[in-house]
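Now for the letters of each chain:
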Amino acid sequence: MNEPFHKRLITGAAWFSVVMLWLCAASVYVSPRHFRLLGAVGMAFPFLLSGVLLMFILSLLFAPRRSWIPLAGLAGCFFSVRAYFPLNLPGEPPEGALKVLSYNVKNFGDGTEDTDGQNVVADYVEMAAPDIFCFQEGAMLKDKFDTTVRRPLKKILPYFDSINVTTNIIGCLSRFPIVGKEEICRHGTNGAVAFKLLPAPGDTLIVVNCHLESMHLSIEDRRKYHQLVKQPEEGDVEGNSRLLVSKISRASVDRSLQADAVADYLERRRGQSVILCGDFNDTPISYTRRRIASGLTDAFQATGNGLGRSFNRDAIIVRIDYLMCSDDWRPYKCTVDRAAKASDHYPIYAWFARR
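In this convention, every chain numbers its residues from 1, walking through the sequence in written order. Local features in this predicted model are restricted to residues whose pLDDT is 70 or higher, and side-chain atom pairs enter the listing and the counts only when it is 80 or higher, whereas totals over whole chains, interfaces and linings include all residues. The basis for every side-chain value is the complete set of heavy atoms in the structure, and neither hydrogens nor water enter the calculation.

Caption draft 1: Main features of unusual backbone geometry. Residues other than glycine seldom take positive phi values, yet Asp110 does so here, at roughly 55°. Following the sequence through the fold, Asp110 ends up in helix H6 (residues 106-110). The exposed category is assigned to Asp110, whose relative accessible area is 52%. Each helix is a run of H or I in the DSSP string that is no shorter than four residues. Each strand is a run of E no shorter than two, and both are numbered from the N terminus. Whether a residue is buried, partly exposed or exposed follows from its accessible area with a 1.4 Å probe, protein chains only, as a fraction of its type maximum: under 20%, in between, or over 50%, in that order.

Dropping the structure here:
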């Protein structure tokens, strides 16, 4: 006896949504250098995931014997879902754990100062009291930086070093001596640098600070993206989609090369103590994140909760800032602080304890 048409329709739609979700999850294993379009596929992950969840509900209501299909789809990409939207039980960091803060400071809040003449980002860092503070996009006149940022933070973070990538400054302030630095890669105003810290005599910690290629979306491009997500009926969906996918895909090629350089650097230092942080400008479902995270623990995935949105403009509701560590560290309470609004990114921090 043939099944009713609506059940066959739901079955076909369920399989289609599952296959699309699986293909999206699998796209992280192919470099955008080989297939540029894959660099934009990760942006569709939450929409495809929502489609599978919708098919599960419809299956339960109208074709309950087919509800196993979307369930199998979710089970098949469990780790991808967990990377995008982790859920973890809370755990307090032990005494002596290091607090690490990473923040794309957008030129230190574009130089905004409080009533006492202190930079608003420096205010936040002083209140957060990290042991290590890594920043990206730290361009500021040296005298202004020394007066409004460096001086007020010197008591808690006495050591400082940085690297200039044209107009972009990638830096590290630390409670521990910084005894060296090494440029890993650079392209335009983006790149990655490794700082060597001495937490204790004879104990070297490599802190890798990344600011990888941006998506190169202008204010107008982001407005179009916002419209696509929130009000698709009011714009040129096809034209805007093509433009945005083209820009994101082109930028992903450069970003994949940087990700490869960082991953190769980490591979050469396998077995050494590493904490990595920075603005990847890419989603948790991306070649960039998978390539760099190989061999490291993603602190937010391991200890955070929710989406962890770290870019706070428009409808780009996604985590693009990360904290990771090598196996000799255990992360705790990784948090994206959405109360800090000095930049177009939220800061991300976590505690790390030696295993």
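That covers the picture; the talk isn't over yet.
Caption draft 2: Looking closely at the nonpolar core. Residues grouped as a nonpolar core are buried Ala, Val, Leu, Ile, Met, Phe, Trp, Tyr and Cys residues, joined through side-chain atoms within 4.5 Å. Formed by 28 residues in total, the largest nonpolar core has its most connected members in Ile132, Leu197, Leu205, Leu323 and Phe352. Contact partners of Leu197, with chain neighbours within four places excluded, come to Ile132, Cys172, Ser174, Phe176, Pro177, Ile178, Asp203, Thr204, Leu205 and Val207. Among the nonpolar cores identified, the runner-up in size contains 24 residues, and Leu101, Tyr124, Met140 and Ile169 belong to it. We call two residues in contact when some of their heavy atoms are within 4.5 Å.

Caption draft 3: A look at the pattern of salt bridges. Any Lys or Arg side-chain nitrogen found within 4 Å of a carboxyl oxygen on Asp or Glu counts as a salt bridge. Counted according to the given criterion, the structure contains 17 salt bridges. Put simply, Glu92 and Lys333 hold a salt bridge, and the shortest N to O gap is 3.5 Å. In this pair, Glu92 is assigned in the loop between helix H5 (78-84) and strand S1 (98-104) and Lys333 in strand S11 (residues 329-336), connecting sequence segments 241 residues apart. Residue classification places Glu92 among the exposed residues on the basis of a relative accessible area of 61%. Look at Lys333 and you get partly exposed, because its relative accessible area is 31%. A salt bridge links Glu113 to Lys144; its shortest N-O distance comes to 2.9 Å. Separated by 31 residues along the polypeptide, Glu113 in the loop between H6 and helix H7 (120-128) and Lys144 in helix H8 (residues 142-153) bring together distant segments of the chain. Residue Lys144 is classed as partly exposed on the basis of its relative accessible area, which comes to 41%. Overlapping salt bridges, with partners in common, bring together Arg33, Asp260, Asp264 and Arg291 in one network.

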